[in-house]
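Spelled out, the chains give:
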Amino acid sequence: MRADIRHVTEYAYKEPAWDSFNEVRLHPEASARQQLKSFHLLVDPEASSVTTHRDYFGSIVHHVHVHERHRVLRIEAQALVTTKPLTVPPPVPLSALDDLRSEVTEFLIASPRVPKGDWPEIFGVARPGPNDDLSAFLTDLTHQFFQQFSYKPGATSVRTTIQEFAKLQQGVCQDFTHAMLGVCRTLGIPARYVSGYLYSGGEMIGADATHAWPEVLIPGAGWVGFDPTNDVLAGEKHIKIGHGRDYPDVSPVRGTFYGGGQGRLDVEVRVYGEQQQ
């Protein structure tokens, strides 16, 4: 699939702001499944400096500094990406992970937004046995959470904890993803948080903002994405930006500034796509 992405982040302030330093993670990754054709970052007012580096997890991060006084800061990311369909992961027993866990410890231990807990029991998930099919378990878990949770923008925020979501049982893709990470890691299944985009063409949930889903390590298949918000594998219509332990590792835009007073944040995401022949 060919995807043309426009992501606009706009901060509006009541008073002039200046020396705005922003960390921007909006650059789609390049991989065997996903080819990045072009990427442009537009900043208004014009940035005093823009530098880049790769973070610990391999994502490209732009550091944007706007020195001059401004009441509105607009950061627009434009990207052109092509993606390939995802191959359905093969059956493999859970015990096949035994020799791999030591290589991916960071995606097994607790993280700030996914603390240690009895998450399978809290979310009503039956624990699989060592000989049970890992791929089938993950597919069933994706389906269970799709049915169990209600997608409701505004019910939670980026600061909502997994404990609070467990009580609410309603929220957005970020919450669904943290819940699945908690269950997987508790069961010894390496899992990481993915930030990206979703082209829906109108039939899937979460395409009007940055999307999130977990990637899980499946022996013989590598890291495979599951989208509990839509009850699908994260395939051709999912465009990945990057991954980390949980949301703070891949938050799209964050920063600091002087002045400004109380501000307003508006985010607009558009993904235009077409199936390739």
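Residues numbered from 1 in each chain as written. Predicted model: local features only at pLDDT ≥ 70, side-chain atom pairs only at ≥ 80, totals over all residues. Heavy atoms only, no water.

Enquirer: Just checking my understanding: could you explain the pattern of salt bridges for this structure?
Expert: Oppositely charged side chains can pair when the atoms bearing their charge come close. Across all of its chains, the model carries 14 salt bridges by this definition. Its salt-bridge partner being D98, residue R101 comes within 2.7 Å of it at the nearest N-O pair. Here the residues in one salt-bridge network are E23, R25, D55 and R254, joined through shared partners. (Salt bridge = Lys/Arg side-chain N within 4 Å of Asp/Glu carboxyl O.)

Enquirer: Quick question: what am I supposed to make of the domain arrangement of the protein chain here?
Expert: In many analyses, interface size is given as the accessible surface area lost on bringing the parts together. Examined at the domain level, the protein chain breaks down into domain 1 (2–84 + 252–274) and domain 2 (94–249). The straight-line distance from the C-alpha centre of domain 1 to that of domain 2 is 25 Å. Across the boundary between the two partners, domain 1 contributes 23 residues, which contact 23 residues of domain 2. A combined buried area of about 1900 Å² lies between domain 1 and domain 2, and 54% of that area is made up of carbon and sulfur atoms. Counting across the domain 1 and domain 2 interface gives one salt bridge. At the boundary of domain 1 and domain 2, one finds nine residue pairs in polar contact (both at pLDDT 80 or more). Secondary-structure elements contributing two or more residues to the side of domain 1 that touches domain 2 are β1 (2–24), β5 (70–83) and β14 (263–274). When residues of the side of domain 1 that touches domain 2 are assigned to their parent elements, the largest contribution, four residues, is made by β14. A per-class count over the side of domain 1 that touches domain 2 returns eleven nonpolar, six polar and six charged. (Domains from an automatic or database assignment. Contact = heavy atoms within 4.5 Å. Buried area = accessible area lost by both parts, 1.4 Å probe. Polar contact = N/O pair within 3.5 Å; in protein donor to acceptor, adjacent residues only side chain to side chain. Helix = DSSP H or I, 4+ residues; strand = E, 2+ residues; numbered from the N terminus. Nonpolar A, V, L, I, M, F, W, Y, C, P; charged D, E, K, R; others polar.)

Enquirer: Mind showing me how you'd approach the layout of surface pockets here?
Expert: Any space left empty among the atoms is revealed by the rolling of a water-sized probe across them. Computed from the structure, the largest pocket encloses a volume of approximately 1000 Å³. Around the largest pocket sit 32 residues that line it, and V158, Q174, T210, Y247 and P252 are the ones nearest its centre. Tallied by class, residues from the lining of the largest pocket come to 16 nonpolar, eleven polar and five charged. Its boundaries defined by the atoms lining it, the second largest pocket holds a volume of some 250 Å³. Along the wall of the second largest pocket there are 14 residues; nearest its centre are E29, S31, R33, E215 and W223. If one sorts the elements of the lining of the second largest pocket by residue count, strand β10 (residues 222–227) sits on top with three residues. In terms of residue class, the lining of the second largest pocket is built from six nonpolar, three polar and five charged. Each of domain 1 (2–84 + 252–274) and domain 2 (94–249) contributes no fewer than three residues to the lining of the second largest pocket. (1 Å grid on protein atoms, 1.4 Å probe; cavity = no way out; pocket = protein on both sides within 12 Å on 5 of 7 lines; lining within 4 Å. Points joined across faces, edges and corners; volume = space filled by probe spheres on them.)

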